[in-house]
Amino acid sequence: MEPISKVEGRAYPLGLKNVDTDIIIPAEWLKTISRSGLGKGAFESLRAVSGNVFDDPEYAGAPILIAGDNFGCGSSREHAAWAMADLGIRAVIAPSFSDIFSGNAFKNGLLTVVLPQEAIDRLMQVAQTDPINVDLETQTVTTPFQDRFAFEIDPFRKHCLLNGVDEIGLTLQSGEAISTYENKIAAERPWLVPSPT
Amino acid sequence: MSTPQTLYEKIWNAHVVERRDDGTCLIFIDRHLVHEVTSPQAFEGLRAAGRAVRRPDLTLAVPDHNLPTTARLDSTGKRIPIADPESAQQLAALEKNAPEFGIRYIDATDAMQGIVHVVGPEQGFSLPGTTIVCGDSHTACHGGLGALAFGIGTSEVEHVLATQTLQLKQSKSMEVRIEGEVGPGVSAKDIVLHITGVLGAAGGSGYVIEYTGSVIRNLSMEGRLTVSNMAIEHGARAGLIAPDDVTFEYLKDRPMAPRGADWDAAMAYWRSLRTDPGALYDKVVVIDAADIAPSVTWGTSPEDVLPITGVVPSPDSFSDASKQAAAQKSLDYMGLTPGTAMTDVEVQNIFIGSCTNSRIEDLRAAAAVLKGRRKAANVKWAIVVPGSGLVKRQAEAEGLDRIFIEAGFEWREPGCSACLGMNPDKVPPGERCASTSNRNFVGRQGPGARTHLLSPSMAAAAAVTGRLTDVRELID
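(A) The arrangement of the overall build of chain B in detail. From N to C terminus, chain B includes 15 helices and 19 strands. Taking 476 residues into account, the globule formula puts the C-alpha radius of gyration at 23 Å, and chain B, at 22 Å, falls close to it. Its C-alpha atoms put chain B at 60 × 55 × 45 Å along the principal axes. Taking all 476 residues of chain B together, 60% fall into the buried category. Long-range contacts, defined as pairs at least 24 residues apart, comprise 77% of the intrachain contacts of chain B with a sequence gap of at least 6.

Here it is as structure tokens:
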């Protein structure tokens, strides 16, 4: 994972609530065996409507997306995070995220920033004309108009994002603890291994 | 005395490998189900890093999402090739990756094949008290057996393959208690649609939900799997139902379940898997069974639920501006006018299947309504997709396939089918589908498709009349 500390630039003012994973990337696009190239299918149904924010030249290449409650609800498809990253989005700001989506986003260095609806409303306004700044180090979202919104993030996730930590590599360092656990369970609950058929 | 614990806490604590100061835990994963769509990039990642699968014995691979549900073998017993080249490539990747990494693979032509969430319980691979993951959000389904089961993304699939663990933080706990007795025509699907309507699509966000109360206890195993399956539709990380005799009866003698003395030892452990008296949940929601009617969705979020006797709501009836805007957008997409009775909405397509409602009991419920009846003339396409080859066989042994075929339904091979619009089974743009699946999202069943979620018997009733129908009018 690439380290990430700041995301600065224009933001797509989407504002919708319950943006589900089928909206982010429809199932037809999941037939790939690769992680890349999914940007073409990102937000396909929204982009089919003329005047949508994604095809508005005003926001071309924006690295931030602002959305409503429950962003990323629905499927566990990591393709949603891959598609957004492929589109050039590095941070999403919303009042809440689905648990699975925020996990997937984190694994791909895509920041999910939780702010209250009032802050979202203000940022939606700013995004029409001006850039927004997301700073992971200081955990703040700022605008050129002196707006300053602090956000919470899990310290472990913050550490991983700032340092681009390979989580599997990190867990493998606990290999011995995993073996100890496995041995304990094999003794206590030997029936846990599926019966051969 | 030790502190009383919830069922969730018991399962969580039994799986902690390491606990870090910030509360993040390394959690051991007992069961990993793998399918073709969310795994290729994970296997590729393992290959690139030169990593092996730590516990292939705890991993089971089954193709389901992409697989066409038409015949898989020709008259000479030869495999019929998959027409779509991308699907064919993805399915071939799983078929190659599984043996290469030593993972047990159930082939598309095997009678055991089916939707991962039907296969796991059916084979006794999924067990009470285990942690179960799969690169699919409806993994919550296995919670019906009292397992802590949840969907994960592909990076986590790779993490589990490599380490058999996940780095997780404990979720909050919620009890959804449903007491009383449900009325006629009300199924497990109606119960979970109603819960989703009450909690909202994000109501369970950050929580693991335990479903309790007399209504849940009185459900069959199939019904419990249906309820827990849709935990994710109200935003929960996982759903849980405490295992009891219904669970044990269902699991006994399943091929991969413990046998003999192991079975007795397992039972002794499973009996301890219940929330202790006095244990505290972070949140409790109580629902009166009398409030649950045969239900149907009107919009594009599973929270958009109404009793079948209801009318399409007006956007003005919602409290805040964002909900009003969302409702208007939903109505535009669904082509519905406020005030229309739900029972006046015509449907052109019927889908009975998906990991929510494709088990034998679901097919029996639909067939009971269809027996001696035929689909209405305006219903162009009606399919039944059994959840597994074994469900299909059982249904055929009971003669259910004849009832469906005589009613004008197509009788298909197992798979995810029209639940998610990534295989050939799609609903045409602008048309409606009465669907027993779990999501009515925009474009979910195909671009422009309009989905109404309901129970198997309600889907059957809609097939007969050609419009959304109160199944109570068709049953005694």
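Anyway, onward from the coordinates.
(B) Quick peek at the nonpolar core. In this structure, A:Ile64, A:Ile66, A:Val92, A:Ile93 and B:Ile350 are the most contacted members of the largest nonpolar core, which totals 203 residues. When neighbours within four sequence positions are excluded, A:Ile64 is seen to be in contact with A:Val7, A:Gly9, A:Ala11, A:Ile89, A:Ala91, A:Ile93, A:Ile132 and A:Val134.

(C) Examining the domain arrangement of chain B more closely. Residue and element names in this part refer to chain B. Here chain B is described as being made up of domain 1 (7-168), domain 2 (172-291) and domain 3 (296-473). Between domain 1 and domain 2, the contact holds 24 residues from the first and 30 residues from the second. When residues of the side of domain 1 that touches domain 2 are traced back to their parent elements, those giving at least two are α1 (7-13), α4 (116-123) and β7 (148-151). Per-class residue counts for the side of domain 1 that touches domain 2 are twelve nonpolar, ten polar and two charged.

(D) Seen up close, the interface of chain B and chain A. Listed by partner, the interface residues are 62 residues for chain B and 50 residues for chain A. At the level of elements, β1 (16-19), β2 (25-28), α2 (40-49), α3 (85-100), α5 (154-163), β8 (165-168), α10 (260-270) and α11 (321-334) of chain B are the ones that each hand at least two residues to the side of chain B that touches chain A. The element best represented in the side of chain B that touches chain A is α5(B), accounting for seven residues. Of the residues that constitute the side of chain B that touches chain A, the class distribution is 23 nonpolar, 25 polar and 14 charged.

(E) Broad picture of the pairing of strand β18 (residues 432-435) of chain B. All names here are of chain B. Both faces of β18 are covered, namely the face carrying Arg432 and Ala434 and the face carrying Cys433 and Ser435. By the bridge criterion, three bridges tie strand β15 (residues 349-352) to β18 in an arrangement that is parallel. By the bridge assignment for β18, Ile350 is matched with Ala434.

(F) Representation of the environment of A:Arg122. Looking at where A:Arg122 falls in the secondary structure, it is placed in helix α5 (residues 117-127). Separated by 25 residues in sequence, A:Arg122 and A:Asp147 have C-alpha atoms that sit 8.7 Å apart.

(G) Structural detail: helix α8 (residues 221-229) of chain B. Summarising burial for α8(B): nine of the nine residues are buried, a large majority. If you check which residues of α8(B) are buried, you get B:Met221, B:Glu222, B:Gly223, B:Arg224, B:Leu225, B:Thr226, B:Val227, B:Ser228 and B:Asn229.

(H) Inspection of the packing of helix α12 (residues 360-370) of chain B against helix α15 (residues 456-465) of chain B at higher detail. Residues and elements named next belong to chain B. Put simply, α12 and α15 touch, their axes get as near as 7 Å, and they point 30° apart. By the angle class used here, α12 and α15 are roughly parallel. For the crossing formed where α12 meets α15, the hand is right-handed. Across the interface between the two elements, Asp362, Ala365, Ala366, Ala368, Val369 and Leu370 of α12 pack against Pro456, Ser457, Ala459, Ala460, Ala461, Ala463 and Val464 of α15. Looking at the contact of α12 with α15 residue by residue, the class counts come to eleven nonpolar, one polar and one charged.

(I) Seen up close, the sheet that holds strand β5 (residues 104-105) of chain B. Residues and elements named next belong to chain B. Strand order in this open sheet of five strands is β5-β4-β3-β6-β7, and the pairing throughout is parallel. Lying at the two open borders of the sheet, with one neighbouring strand each, are β5 and β7. With three bridges joining them, strand β3 (residues 31-34) and strand β6 (residues 131-134) adopt parallel strand pairing. In the sheet register, His32 faces β6, and the bridge partner there is Val133.

(J) Here's a closer look at helix α3 (residues 79-86) of chain A. Residue and element names in this part refer to chain A. Within α3, seven of the eight residues are buried, leaving the element largely enclosed by the surrounding structure. In the core, the buried residues of α3 are packed alongside α1 (21-24) and α4 (99-107). Just downstream of α3 lies Gly88, where phi reads positive at about 100°.

(K) Looking closely at the environment of B:Thr70. Residue and element names in this part refer to chain B. Tracing the backbone shows Thr70 in the loop between β4 (59-61) and α3. Classification of Thr70 by C-beta neighbours within 10 Å gives partly exposed; the count is 14. On a C-alpha basis, the gap between Thr70 and Val385 in space is 9.8 Å, while along the polypeptide they are 315 residues apart.

(L) Highlighting the environment of B:Ala93. For B:Ala93, the location among the structural elements is in helix α3. Separated by 57 residues in sequence, B:Ala93 and B:Glu36 place their C-alpha atoms 7.4 Å apart. Not counting the four nearest positions on each side in its chain, B:Ala93 is found in contact with A:Ile33, B:Glu36 and B:Pro40.

(M) Region of the structure containing the sheet that holds strand β19 (residues 450-453) of chain B. All names here are of chain B. Pairing is parallel across the open sheet formed by five strands, whose spatial order is β17-β16-β15-β18-β19. The two strands at the open ends of the sheet, each matched to only one other strand, are β17 (410-411) and β19. With four bridges connecting them, β18 and β19 associate as parallel partners. Counterpart to Arg432 in the pairing with β19 is Arg450.

(N) Region of interest: the packing of helix α6 (residues 188-199) of chain B against α8(B). All names here are of chain B. Direction vectors running N to C along α6 and α8 enclose 25°, while the axes themselves pass 8 Å from each other. In terms of their interaxial angle, α6 and α8 are classed as roughly parallel. As α6 runs across α8, the sense of the crossing is right-handed. Mapping the contact onto sequence places Ala188, Lys189, Ile191 and Val192 in α6 and Gly223, Thr226 and Val227 in α8. Of the residues in the contact of α6 with α8, the class split is four nonpolar, two polar and one charged.

(O) Spatial organisation of unusual backbone geometry. One non-glycine residue with positive phi stands out, namely A:Gln139, at about 55°. Tracing the sequence through the fold places A:Gln139 in the loop between β6 (132-135) and β7 (140-142). A count of 14 C-beta atoms within 10 Å places A:Gln139 in the partly exposed class. Unlike most non-glycine residues, B:Ser417 shows phi in positive territory, near 55°.

Reading the values: rules and limits
- Residues numbered from 1 in each chain as written.
- Chains lettered and ligands numbered in written order.
- Predicted model: local features only at pLDDT ≥ 70, side-chain atom pairs only at ≥ 80, totals over all residues.
- Helix = DSSP H or I, 4+ residues; strand = E, 2+ residues; numbered from the N terminus.
- Rg over C-alpha atoms; globule rule 2.2 N^0.38 Å.
- Buried ≥ 20, exposed ≤ 12 C-beta atoms within 10 Å, placed from the backbone.
- Contact = placed C-beta atoms within 7 Å.
- Core = buried A, V, L, I, M, F, W, Y, C linked by C-beta atoms within 7 Å.
- Domains from an automatic or database assignment.
- Nonpolar A, V, L, I, M, F, W, Y, C, P; charged D, E, K, R; others polar.
- Pairing = 2+ DSSP bridges.
- Axes fitted to C-alpha atoms, helices over the stretch in contact; angles between N-to-C directions.
- Parallel < 35°, antiparallel > 145°, perpendicular 65-115°, else oblique.
- Left-handed = near helix turned anticlockwise from the far one by under 90°.

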